[in-house]
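So the chains spell out like this:
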Amino acid sequence: MTPNALRLFRQLAYIDGQWLSADEVGTQAIFNPANGEEIGRVPNMGSVEARRAIAAANAAWPAWRARTAKERCAILKRWHALILENADALAEILTLEQGKPLAEARGEILYAASFIEWFAEEAKRIYGDTIPSHKPDARIVVTKEPIGVVAAITPWNFPAAMITRKVGPALAAGCPCIVKPAPETPFSALALATLAEEAGLPAGLLNVITGDAVAIGNELCASATVRKLSFTGSTPIGKLLMQQCASTLKKVSLELGGNAPFIVFDDADLERAVEGALIAKYRNAGQTCVCVNRFLVQDGIHDAFVARLAERVAELKVADGFTEGAQQGPLINSRAVDKVADHVADALGKGATLVCGGERHVLGHGFYQPTVLSGVTGEMKVARDETFGPLAAVFRFSDEAQAIHMANDTEFGLAAYCYTRDLGRAWRMSEALEYGMVGINEGLISTEVAPFGGIKASGLGREGSHYGIDDYLEIKYTLMGGL
Ligand SMILES: NC(=O)C1=CN([C@@H]2O[C@H](COP(=O)(O)OP(=O)(O)OC[C@H]3O[C@@H](n4cnc5c(N)ncnc54)[C@H](OP(=O)(O)O)[C@@H]3O)[C@@H](O)[C@H]2O)C=CC1
Ligand SMILES: O=C(O)CCCC(=O)O
């Protein structure tokens, strides 16, 4: 590890401005997904430490909310600057624990930083409202107030950006946070906390606790002090956490699973569609909730699209994320590889055609070959279940109505993509697709300036953009009478 990465590589949790071990239950090992080697250990904390973090956050809240927006903005901007200054070291830690290629990890760090910068600025724009009163001697004023202690439970696929996308708006709004990072990738979270501390964020406002997900999750959900839960992860765990939050009627934001369609019409620009397909499918080895799960391709362009996609996919360089030029790293663990292998075997067993890939990679461990299957149909597992891996499953359709039906025939509604040069069709598709986000002739839709989120079983709430701060605010109405 480079000296700067080593400096940020903390193996302790962070509660109330202190770097701590677990009270009792020791540590747990964290492994590099590229080779299975242990890279470090983090405290195995549980409900006692979670309660301590909640108390610390709650104690830090009054002073933080009392600061002016400009003061909160200044601290967040310092944190943003430090993340940029340390981008290489943060990327190194991210690749080590998550596996994605170093260049992609660096891209994630910049993306993560962008949320801190964006919400630092949004802090100054938490505007209220006045409403013409229903009484002549009274005035109606609407103000927005920080919701209170926020819990963020984050996944392993974006160990940095999913934290800043939640913590950025929370802190900007005036709320303290408790982060429970994914057990696979705690070191990026702890490195970010180190930089927040260096930026001068007061103790108690950002707590990072590692350890027993169920015990910590239960405590965060059951606590009446925690007023908001933001979770990114699978739909089953999202539903479970929402149930657990019901007893305290917490506000919840859930970024859950997807089953994204990528629709290519006959009139699409073929090269542009293939370029978009590569990024929308193989980014992070397919482990992104907005990654394409189903390619729906019209009859007339089908064969040309499959052939060109396979040509480009076969060129992808699969390697350890630290290898120069690596384009696809390992999947997060063997369970993830097994799922891809299962989807491929199931599809082939039911009549799909293997166009390229289709095997575990010779590098072993988490590596799987980038794969393209054609002739995929609705009876195959991949039609309903998110693969979350480097498998492009190509279905065929004949007309617009069929494409819309196939695209919407899923419980999920996160992201959809559509390639066409017909302007009327582009608008019709944008309106017909039952998804929170639609990319028309674009395969990469994520940016801090736009609202990220889904409908149906893909979740609740929006992150990023000026909408993203609303989830951390409560609206208060004051009737000012007796004028
Ligand atoms: N929307 C997205 O970005 C993501 C979607 N997924 C989808 O989920 C599938 C499974 O991946 P997986 O990693 O298991 O994702 P999960 O959603 O199952 O887990 C996500 C996080 O939730 C934690 N968790 C699990 N149970 C509880 C609980 N009772 N209370 C609180 N926290 C809990 C996990 O910790 P622990 O591992 O210790 O149980 C982990 O930190 C993937 O194949 C993919 O389809 C996965 C990650 C991100
Ligand atoms: O998979 C996720 O939930 C992370 C979203 C990554 C992105 O913002 O594109």
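Residues numbered from 1 in each chain as written. Chains lettered and ligands numbered in written order. Predicted model: local features only at pLDDT ≥ 70, side-chain atom pairs only at ≥ 80, totals over all residues. Heavy atoms only, no water.

A tally of helices and strands in the chain yields 14 helices and 22 strands. When the backbone C-alpha atoms are referred to their principal axes, the chain occupies close to 70 × 60 × 40 Å. By residue count, 58% of the 483 residues in the chain fall in the buried class. Carbon and sulfur atoms provide 55% of the accessible area of the chain, an area that totals close to 18,500 Å². Measuring between centres, the 46 positive side-chain charges of the chain sit 6 Å from its 56 negative side-chain charges. (Helix = DSSP H or I, 4+ residues; strand = E, 2+ residues; numbered from the N terminus. Buried < 20%, exposed > 50% of the residue type's maximum accessible area, 1.4 Å probe, protein only. Areas by Shrake-Rupley, 256 points an atom, 1.4 Å probe, with all protein chains shown as cover. Lys, Arg positive; Asp, Glu negative; His and termini not counted. Charge placed at Lys NZ, Arg CZ, Asp CG, Glu CD.)

Read across the sheet, 3 strands follow the order β5-β6-β22 without closing on themselves; strand pairing throughout is antiparallel. Two strands lie at the open edges of the sheet, namely β5 (129–131) and β22 (473–480), each paired on one side alone. Along the sheet, successive strands turn relative to each other by an average axial angle of 25°, direction set aside. Sheet analysis places β5 next to strand β6 (residues 139–146), joined by 3 bridges and oriented antiparallel. Looking across to β6, one finds that Thr130 is bridged to Val141. (Pairing = 2+ DSSP bridges. Axes fitted to C-alpha atoms, helices over the stretch in contact; angles between N-to-C directions.)

What follows is about the site of ligand 2. Around ligand 2, the neighbouring residues are Tyr111, Asn157, Phe158, Met162, Arg165, Thr232, Arg283, Thr288, Cys289, Val290, Ser446 and Phe452. Take Tyr111: an N or O atom from its side chain is 2.6 Å from an oxygen atom of ligand 2. At 2.7 Å, a side-chain N or O of Arg283 approaches an oxygen atom of ligand 2. With the chains in place, 99% of the 280 Å² that ligand 2 exposes on its own is no longer accessible. Class assignment for the residues of the shell around ligand 2 results in 6 nonpolar, 4 polar and 2 charged. Of the residues that make up the shell around ligand 2, three or more belong to each of domain 1 (3–256 + 458–479) and domain 2 (260–440). (Near = heavy atom within 4 Å. Polar contact = N/O pair within 3.5 Å; in protein donor to acceptor, adjacent residues only side chain to side chain. Nonpolar A, V, L, I, M, F, W, Y, C, P; charged D, E, K, R; others polar. Domains from an automatic or database assignment.)

What follows deals with the side chain of Thr410. Tracing the backbone shows Thr410 in the loop between α13 (400–408) and β17 (412–413). Given the relative accessible area of 8%, Thr410 is considered buried. Only 3.0 Å separates the side chain of Thr410 from the backbone nitrogen of Phe412, close enough to count as a polar contact. Excluding residues that lie within four positions of it along the chain, Thr410 makes contacts with Asn259, Arg294, Arg384, Tyr435 and Lys456. (Contact = heavy atoms within 4.5 Å.)

Per the stated rule, a full pass over the model turns up 28 salt bridges. Glu434 is the partner of Lys456 in a salt bridge, and the nearest nitrogen-oxygen pair spans 3.4 Å. Of this pair, Lys456 sits in strand β20 (residues 455–456) while Glu434 sits in the loop between α14 (423–432) and β19 (437–440), and the two are 22 residues apart along the sequence. For Lys456, a relative accessible area of 38% gives the class partly exposed. (Salt bridge = Lys/Arg side-chain N within 4 Å of Asp/Glu carboxyl O.)

Attention now moves to the UniProt feature "active site" (unreviewed entry) in the chain. UniProt marks Glu255 with the feature "active site" (unreviewed entry), using the numbering shown here. Considering the arrangement of structural elements, one finds Glu255 in strand β11 (residues 251–255). Its relative accessible area of 2% is what places Glu255 among the buried residues. Apart from residues lying up to four places away in sequence, Glu255 is in contact with Phe231, Thr232, Gly233, Leu414, Phe452, Gly453, Gly454, Ser458, Gly461, Arg462 and Glu463. (UniProt positions renumbered as here; feature names shortened; annotations may be inferred.)

For the rest of this paragraph, the subject is helix α8 (residues 213–222). Those residues of α8 that sit buried are Ala215, Ile216, Gly217, Glu219, Leu220 and Cys221. The inward-facing, buried residues of α8 abut α2 (47–66), β7 (149–153), β8 (177–180), β10 (226–232) and α9 (235–246). Its side-chain oxygen at 3.1 Å from the backbone nitrogen of Val214, Asp212 defines the N-terminal cap of α8.

What follows concerns the packing of aromatic side chains. Under the criterion given, the structure shown has 9 aromatic pairs. Pairing Phe295 with Phe305 gives two aromatic rings, centres 5.9 Å apart and planes at 45°, and the pair type is tilted. With Phe295 in strand β13 (residues 292–298) and Phe305 in helix α11 (residues 299–314), this residue pair connects regions lying 10 residues apart in the sequence. Considered together, Phe295 and Phe305 belong to a single accessibility category, that of buried residues. Within the aromatic cluster, the residues linked to one another by ring pairs are Phe262, Phe295, Phe305, Tyr417 and Tyr419. Here the basic side chain of Arg425 rests over the ring of Phe265, its NZ or CZ set 4.1 Å away from the ring centre. (Phe/Tyr/Trp six-rings, centres within 6.5 Å; stacked < 30°, edge-to-face > 60°. Lys NZ or Arg CZ within 6 Å of the ring centre and 35° of its normal.)

What follows deals with unusual backbone geometry. For Leu249, which is not a glycine, the phi torsion comes out positive at approximately 45°. In this structure, Leu249 sits in the loop between α9 and β11. What makes Leu249 exposed here is its relative accessible area of 71%. Phi at Asn441 is positive, roughly 60°, even though this residue is not glycine. Examined against the element boundaries, Asn441 turns out to sit in the loop between β19 and β20.

Here the focus is the side chain of Glu400. Of note, Glu400 is situated in helix α13. Taking the relative accessible area as the measure of exposure, Glu400 reaches 15% and is therefore buried. A distance of 3.0 Å separates polar atoms of two side chains, one belonging to Glu400 and the other to Arg425. Ignoring sequence-local partners within four residues, the contact set of Glu400 consists of Phe265, Arg425, Arg428 and Met429.

Let's shift gears to the domain arrangement of the chain. Interface size is commonly expressed as the accessible surface area that is lost when the partners come together. Once the domains are mapped, the chain shows domain 1 (3–256 + 458–479) and domain 2 (260–440). Here the C-alpha centre of domain 2 lies 31 Å away from the C-alpha centre of domain 1. The partner domain 2 presents 24 residues to the 23 residues of domain 1 that form the contact. Here domain 1 is connected to domain 2 by 0 salt bridges. Among the elements of the structure, α4 (87–98) and α5 (102–122) are those that each provide at least two residues to the side of domain 1 that touches domain 2. Ranked by the residues each element gives to the side of domain 1 that touches domain 2, the list is headed by α4, at 5 residues.

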